[in-house]
Amino acid sequence: MFNLLDFGSGYDRYMEVMKQSDTKECVQRGLIGLYLSLGKMDADVMNNATEFKIAEVCRIPARVDAPHPQIPGLTVEKEGPVAPFVKSLSKTLNNVGLWLWERQYNSLGDFIVRTLEDETKNGNPPSAAAFVKTLAESLPDYYNDVSTMNEGEIYFYRKAQIMATTLHLRFKEDHPGLFDFKDIDELTAAADSMLAASLQIQGILEYDETLTTKIAAGHALLPGSAEENSLRAASVNAVEKLVALTGGNCNAVAFDHFLRQEWRSAKPRNAPRPPSVAGTLFY
């Protein structure tokens, strides 16, 4: 479920100003709270999630106090800068919950298990590539992470690849017939703004002066823009080159994890701000 809602990084700059946790931590906290209070996270829970409930359990300040436009000293409540993030979380849960219910899946997990059972029922080995493709085709608004640039398509599939990797690492020993993906090494790094920042702090990726100034000033990049596509594609390509230097002794997923850990370790020492991309549902 967290993988489905793993977006909203473009709102972290507002959360930082309001001295709140970043969007990832808010969503993790909210999902844990929902599960502890309801004992389940099925299609019905998703379909009935409201903006008010999401803001409450995730502790996201969707509404803020503002001066009354006509009466001095009086404040009124209005939607704050992160209100669109809460709306997107609620809409995602509602839409996917309805999609699952219409197809008689009890939950997102039920859909995943039954999908992998279908893909392997004829003796086919479990495939990360096939699973990623199924996610992108089944829930395109949330997993078909494809951009167009210079009249060509760039297939990032960030969230779908993270889902495959997470399931593989967690369940490959207990359920190898479903989750021991033999092609796991073929997955790429997760193309997002944090990966770009992680590569920048290592001196592997360099931004031009214009982009550096824009990011430092907190200006958001547009989803699907040439700047965003270039950053994401360059980040994935850089990791692939690092993997090649190891002679096959390390895959892209492991490099990705290492780079992100290095960025988190450097964060208290003024690590570079990840580029902000507002409005995307892919990271």
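Residues numbered from 1 in each chain as written. Predicted model: local features only at pLDDT ≥ 70, side-chain atom pairs only at ≥ 80, totals over all residues. Heavy atoms only, no water.

To continue, consider the overall build of the chain. Along its length, the chain carries 14 helices and four strands. Relative to the 2.2 N^0.38 estimate, which gives 19 Å for 283 residues, the radius of gyration of the chain is 20 Å and therefore close to what a compact globule would have. Contacts in the chain between residues at least 24 apart in sequence constitute 67% of all its contacts with a sequence separation of at least 6. If you sum the accessible surface of the chain, you get close to 15100 Å²; carbon and sulfur atoms cover 52% of it. Computing the positive centroid from 28 side-chain charges and the negative centroid from 37, the chain places the two 5 Å apart. (Helix = DSSP H or I, 4+ residues; strand = E, 2+ residues; numbered from the N terminus. Rg over C-alpha atoms; globule rule 2.2 N^0.38 Å. Contact = heavy atoms within 4.5 Å. Areas by Shrake-Rupley, 256 points an atom, 1.4 Å probe, with all protein chains shown as cover. Lys, Arg positive; Asp, Glu negative; His and termini not counted. Charge placed at Lys NZ, Arg CZ, Asp CG, Glu CD.)

Moving on to helix H5 (residues 83-102). Compared with an ideal rise of 1.5 Å per residue, which puts 20 residues at 28 Å, H5 spans 29 Å between its outermost C-alpha atoms and is within 8% of the ideal. Residues of H5 that are buried: Ala-83, Phe-85, Val-86, Leu-89, Ser-90, Thr-92, Leu-93, Val-96, Gly-97, Trp-99 and Leu-100. (Expected span 1.5 Å × (residues − 1). Buried < 20%, exposed > 50% of the residue type's maximum accessible area, 1.4 Å probe, protein only.)

What follows deals with the packing of helix H6 (residues 108-120) against helix H7 (residues 128-138). Viewed as axis vectors pointing N to C, H6 and H7 meet at an angle of 125°, and their least axial separation amounts to 11 Å. Overall, the two elements H6 and H7 adopt an arrangement that is oblique. Crossing handedness for the pair H6 and H7: right-handed. Every residue of H7 that contacts H6 at Phe-111, Ile-112, Thr-115, Leu-116 and Glu-119 is listed here: Ala-130, Phe-131, Thr-134, Leu-135 and Ser-138. The class makeup of the residues in the contact of H6 with H7 is six nonpolar, three polar and one charged. (Axes fitted to C-alpha atoms, helices over the stretch in contact; angles between N-to-C directions. Parallel < 35°, antiparallel > 145°, perpendicular 65-115°, else oblique. Left-handed = near helix turned anticlockwise from the far one by under 90°. Nonpolar A, V, L, I, M, F, W, Y, C, P; charged D, E, K, R; others polar.)

Turning to a nonpolar patch on the surface, a few remarks are in order. The grouping of Ile-32, Tyr-35 and Leu-36 at the surface amounts to a nonpolar patch, some 360 Å² of accessible area in total. Within the secondary structure, Leu-36 sits in helix H2 (residues 23-38). (Patch = residues over 30% accessible without salt bridge, like charges linked within 9 Å, V, L, I, M, F, W, Y side chains within 5 Å. Salt bridge = Lys/Arg side-chain N within 4 Å of Asp/Glu carboxyl O.)

Each pair of aromatic rings is reported with the distance of its centres and the angle of its planes. Applying the stated rule across the entire model yields nine aromatic pairs. With a centroid separation of 5.2 Å and 40° between ring planes, the pair formed by Phe-171 and Phe-179 is classed as tilted. Since its relative accessible area comes to 5%, Phe-179 is described here as buried. Following the ring pairs from residue to residue traces out a cluster consisting of Phe-7, Tyr-11, Tyr-14 and Phe-85. Lying over the aromatic face of Phe-156, Arg-232 brings its terminal NZ or CZ to 4.1 Å of the ring centre. (Phe/Tyr/Trp six-rings, centres within 6.5 Å; stacked < 30°, edge-to-face > 60°. Lys NZ or Arg CZ within 6 Å of the ring centre and 35° of its normal.)

Its location among the elements puts Glu-77 in strand E2 (residues 75-79). With a relative accessible area of 52%, Glu-77 lands in the exposed category. It is 4.5 Å that separates the C-alpha atoms of Glu-77 and Asp-65, two residues lying 12 residues apart in sequence. Sequence-distant contacts of Glu-77, defined by excluding residues within four places in its chain, comprise Arg-63, Val-64 and Asp-65.

What follows covers the nonpolar core. By size, the foremost hydrophobic cluster in this structure holds 53 residues, and its most contacted members are Ile-60 and Leu-100. With eight residues, the single largest contributor to this core is H5. The residues touching Ile-60, leaving out its near neighbours within four places in the chain, are Met-15, Cys-26, Ala-55, Val-82, Phe-85, Val-86 and Leu-89. Membership of the second largest hydrophobic core comes to 20 residues, among which are Tyr-207, Leu-242, Leu-259 and Tyr-283. (Core = buried A, V, L, I, M, F, W, Y, C linked by side-chain atoms within 4.5 Å.)

A few words on the layout of surface pockets. One simple way to see leftover space: roll a probe sized like a water molecule over the atoms. Volume-wise, the largest pocket comes out at about 1000 Å³. Lining the largest pocket are 35 residues, and of these Phe-2, Asn-3, Ile-162, Met-163 and Thr-166 lie nearest its centre. Those elements that provide at least two residues to the lining of the largest pocket are H2, H6, helix H9 (158-171) and helix H14 (252-266). Taken together, the residues of the lining of the largest pocket sort by class into 18 nonpolar, nine polar and eight charged. (1 Å grid on protein atoms, 1.4 Å probe; cavity = no way out; pocket = protein on both sides within 12 Å on 5 of 7 lines; lining within 4 Å. Points joined across faces, edges and corners; volume = space filled by probe spheres on them.)

Keep in mind that these numbers describe shape and distance, not what the molecule does.
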